[in-house]
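Structure assessment
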Amino acid sequence: GNSVTQMEGPVTLSEEAFLTINCTYTATGYPSLFWYVQYPGEGLQLLLKATKADDKGSNKGFEATYRKETTSFHLEKGSVQVSDSAVYFCALRRRDDKIIFGKGTRLHILP
Amino acid sequence: DAGVTQSPTHLIKTRGQHVTLRCSPISGHKSVSWYQQVLGQGPQFIFQYYEKEERGRGNFPDRFSARQFPNYSSELNVNALLLGDSALYLCASSLGSARNNEQFFGPGTRLTVL
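Residues numbered from 1 in each chain as written. Chains lettered and ligands numbered in written order. Predicted model: local features only at pLDDT ≥ 70, side-chain atom pairs only at ≥ 80, totals over all residues. Heavy atoms only, no water.

1. Quick notes on the nonpolar core
Applied cut-off: The definition of a nonpolar core used throughout is a set of buried Ala, Val, Leu, Ile, Met, Phe, Trp, Tyr and Cys residues joined through side-chain atoms within 4.5 Å. For each residue, the accessible area found with a 1.4 Å probe, counting protein chains only, is set against the maximum for its type, and the residue is called buried under 20%, exposed over 50%, and partly exposed in between. For the purposes of this entry, the term helix denotes a DSSP run of H or I that reaches at least four residues, the term strand denotes a run of E that reaches at least two, and both are numbered from the N terminus.
Among the nonpolar cores identified, the biggest contains 26 residues, and Trp35, Leu47, Leu48, Phe73, Leu75 and Tyr88 of chain A are the most heavily contacted of them. Elements that contribute at least two residues to this core include exactly strand 2 (11-14), strand 3 (19-21), strand 4 (23-26), strand 5 (32-38), strand 6 (44-50), strand 8 (62-65), strand 10 (86-93) and strand 12 (105-110) of chain A. Top element by residues in this core is strand 10 of chain A. It accounts for four residues. Residues Val19, Leu21, Tyr89 and Val113 of chain B belong to the second largest nonpolar core, which totals 22 residues.

2. Thoughts on the pattern of salt bridges
All names here are of chain B. Stated precisely, the cut-off is as follows: Just to be clear on terms, a salt bridge is a Lys or Arg side-chain nitrogen sitting within 4 Å of an Asp or Glu carboxyl oxygen.
A full pass over the atoms with the stated rule returns eight salt bridges over all chains. Taking the shortest distance from any N to any O, the salt bridge between Arg22 and Glu75 comes out at 3.5 Å. Residue Arg22 is found in strand 3 (residues 19-24), and its partner Glu75 is found in strand 8 (residues 74-78); the two are separated by 53 residues along the sequence. The class of Glu75 is buried, set by a relative accessible area of 10%. The salt bridge partner of Glu51 is Lys30, with a shortest N-O separation of 3.5 Å. Residue Glu51 is found in the loop between strand 5 (44-50) and strand 6 (53-57), and its partner Lys30 is found in the loop between strand 3 and strand 4 (31-37); the two are separated by 21 residues along the sequence. Here Glu51 falls in the partly exposed class, since its relative accessible area comes to 28%. Three or more residues joined by partner-sharing salt bridges are found here, namely Arg22, Arg67 and Glu75.

3. Some words on the pairing of strand 8 of chain A
Residue and element names in this part refer to chain A. Stated precisely, the cut-off is as follows: Strands pair, by our definition, only if DSSP identifies at least two bridges between them.
As paired elements, strand 7 (residues 56-59) and strand 8 share four bridges and run antiparallel to each other. Each bridged residue has a counterpart across the sheet, and for Lys56 the counterpart in strand 8 is Thr65. Taking the residues that link successive antiparallel strands as the turn, the strand 7-strand 8 hairpin has two residues, and the phi of Lys60 there is positive, at about 55°. Pairing of strand 8 with strand 9 (residues 75-77) involves three bridges; the strand directions are antiparallel. Of the residues in strand 9, the one forming a bridge with Ala64 is Leu75.

4. Description of the sheet that holds strand 1 (residues 5-7) of chain B
Residues and elements named next belong to chain B. We count it as follows: Lines are fitted to the C-alpha atoms to define the axes, a helix being fitted only along its stretch in contact, and any angle between axes, read from their N-to-C directions, falls within 0 to 180 degrees.
The four strands lie next to each other as 1-3-8-7, forming an open sheet whose pairing is antiparallel. Where the open sheet ends on each side, the last strands, each with one partner, are strand 1 and strand 7 (64-68). Mean inter-strand twist for the sheet, computed between neighbouring axes without regard to direction, equals 15°. The pairing of strand 3 with strand 8 spans five bridges and is classified as antiparallel. Counted as the bridge partner of Arg22 is Glu75 from strand 8.

5. A short note on the state of the cysteines
Selection rule: Disulfides are defined in this document as cysteine sulfur pairs within 2.5 Å.
Evaluation of the coordinates by the stated rule reveals two disulfides over all chains. A sulfur-sulfur distance of 1.9 Å marks the disulfide that ties Cys23 of chain A to Cys90 of chain A. One disulfide, between Cys23 of chain A and Cys90 of chain A, carries an S-S torsion of -70° and so falls in the left-handed class. Residue Cys23 of chain A is found in strand 4, and its partner Cys90 of chain A is found in strand 10; the two are separated by 67 residues along the sequence. For the pair Cys23 of chain A and Cys90 of chain A, a shared accessibility class is recorded, and that class is buried. Cys23 of chain B shares a disulfide with Cys91 of chain B; S-S distance 1.8 Å. The S-S bond linking Cys23 of chain B to Cys91 of chain B shows a torsion near -60°; that makes this disulfide left-handed. Here Cys91 of chain B lies in strand 9 (residues 87-94) and Cys23 of chain B lies in strand 3, a separation of 68 residues in the sequence.

6. Comments concerning the side chain of Ser74 of chain B
All names here are of chain B. Basically, it comes down to this: Identification of polar contacts relies on pairs of N or O atoms within 3.5 Å, with a donor-acceptor requirement for protein atoms, meaning one able to donate a hydrogen and the other able to accept it, and with residues adjacent in sequence counted only if both atoms are side-chain atoms. For this analysis, residues touch if any pair of their heavy atoms sits within 4.5 Å.
Take Ser74: it is sitting in strand 8. Under the relative-accessibility criterion, Ser74 is labelled buried at 2%. Within the structure, the side chain of Ser74 is placed 2.9 Å from the backbone oxygen of Arg67, a separation counted as a polar contact. Filtering out sequence-adjacent residues up to four positions away, Ser74 remains in contact with Leu21, Arg22, Cys23, Val32, Trp34, Arg67, Gln68 and Phe69.

Below you can see the structure in the form of structure tokens.
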């Protein structure tokens, strides 16, 4: 079946630190992959996406590369800010358009 | 343009009661999906509707039902509420049912069952 596994949080970093949040998936075929972000009290926002192998999604300084050989889509940012504090969800979209989410990783950035 | 809107924002019910949650998609979007997000977990797919027809259903009991209206707004109904139904219910809309259509999420309705 289809599933997404991401590193458990919370992850606590100092401002300007390097961020990696690991995400691996299992799926039939080649799903599209996503990172969503949920700020406190808000709904989900699409952060970035990749639709095929070796694609790199990027937005707001965040990047993730679709790695078919390792079935991974790790989220990275070179220098985090306090405003990046949120919950991050890795997700895949199945052939039938349904989105499967990971459990989420809470990120705390300390000033 | 307004994004996806959901009502109410918060709701408190007791076990055994019934609840109706509402969602208005982005103007021009014809597809609506519903997700349940239990505290500390990722959202889980409940239903998808496109052009007023059910296009998919997740692994939820028959107590959960939904419908889509001619103006593409949608309702999610849950009967015989259980404590475990307490969650944030998210609605997402997209242009259509094509694979590359991005889903835009609303702020959610937080349901508490006592």
